[in-house]
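# Coordinate inspection notes
Spelled out from the first residue to the last, the chains are:
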Amino acid sequence: MLVSQILKSKDTGVVTIAPGATLRDVVELLATRRIGAVVVSTDGKKVKGIVSERDVVRELGRAGPACLDQLVDKVMTRAIYGCAATDTAASVLETM
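Figured I'd write up the structure that's included with this text.

### A few points about the sheet that holds strand β1 (residues 16-17)
Pairing is mixed across the open sheet formed by three strands, whose spatial order is β1-β2-β3. Two strands bound the open sheet, and with one partner strand each, they are β1 and β3 (49-52). Sheet analysis places strand β2 (residues 37-40) next to β3, joined by four bridges and oriented antiparallel. Of the residues in β3, the one forming a bridge with alanine 37 is serine 52.

Below, the structure written as structure tokens:
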């Protein structure tokens, strides 16, 4: 199966959030959209990072509920690996 086929089957497409948003905003977005991660982008096109449920839980464990007021760009994962729409699911899993 190709990445393009997987993306077409998703109702939401790629969900983004601005780096200046808070972790509280991320939590609300993840819950509302029923997703596990959100791409961080200033324009919806260029990827600056990603924030996942795991990132939120790590910060909650480290700093407690006060971390929800932290900005996304302080918590996001910056090392991003991408793929092409023509890549296979197997090749993406191998990269992961």
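### A closer look at unusual backbone geometry
What you tend to see is this: most non-glycine residues have negative phi, and most peptide bonds are trans. The phi angle at arginine 34 is positive, at roughly 55°, despite the residue not being glycine. Note that arginine 34 resides in the loop between α2 (23-33) and β2.

### Considering the pattern of salt bridges
One pass over the structure, following the stated rule, counts four salt bridges. A salt bridge links aspartate 55 to arginine 58; the shortest N-O distance between them is 3.0 Å. Of the two residues, aspartate 55 and arginine 58 both sit in helix α3 (residues 53-63), three residues apart, roughly one turn of that helix. It is possible to trace a salt-bridge network through shared partners that takes in Asp55, Arg58, Glu59 and Arg62.

### Re a positive patch on the surface
Judged by side-chain charge, Lys46, Lys48, Lys74 and Arg78 come together as a positively charged surface patch. On the secondary structure map, lysine 74 appears in helix α4 (residues 72-75).

### As for the environment of leucine 29
Tracing the chain through its elements places leucine 29 in helix α2. Leucine 29 gets classed as buried once you look at its relative accessible area, which sits at 19%. Separated by 13 residues in the primary sequence, leucine 29 and threonine 16 place their C-alpha atoms 9.4 Å from one another.

So, how was this worked out
- Residues numbered from 1 in each chain as written.
- Predicted model: local features only at pLDDT ≥ 70, side-chain atom pairs only at ≥ 80, totals over all residues.
- Heavy atoms only, no water.
- Pairing = 2+ DSSP bridges.
- Helix = DSSP H or I, 4+ residues; strand = E, 2+ residues; numbered from the N terminus.
- Salt bridge = Lys/Arg side-chain N within 4 Å of Asp/Glu carboxyl O.
- Patch = residues over 30% accessible without salt bridge, like charges linked within 9 Å, V, L, I, M, F, W, Y side chains within 5 Å.
- Areas by Shrake-Rupley, 256 points an atom, 1.4 Å probe, with all protein chains shown as cover.
- Lys, Arg positive; Asp, Glu negative; His and termini not counted.
- Charge placed at Lys NZ, Arg CZ, Asp CG, Glu CD.
- Buried < 20%, exposed > 50% of the residue type's maximum accessible area, 1.4 Å probe, protein only.

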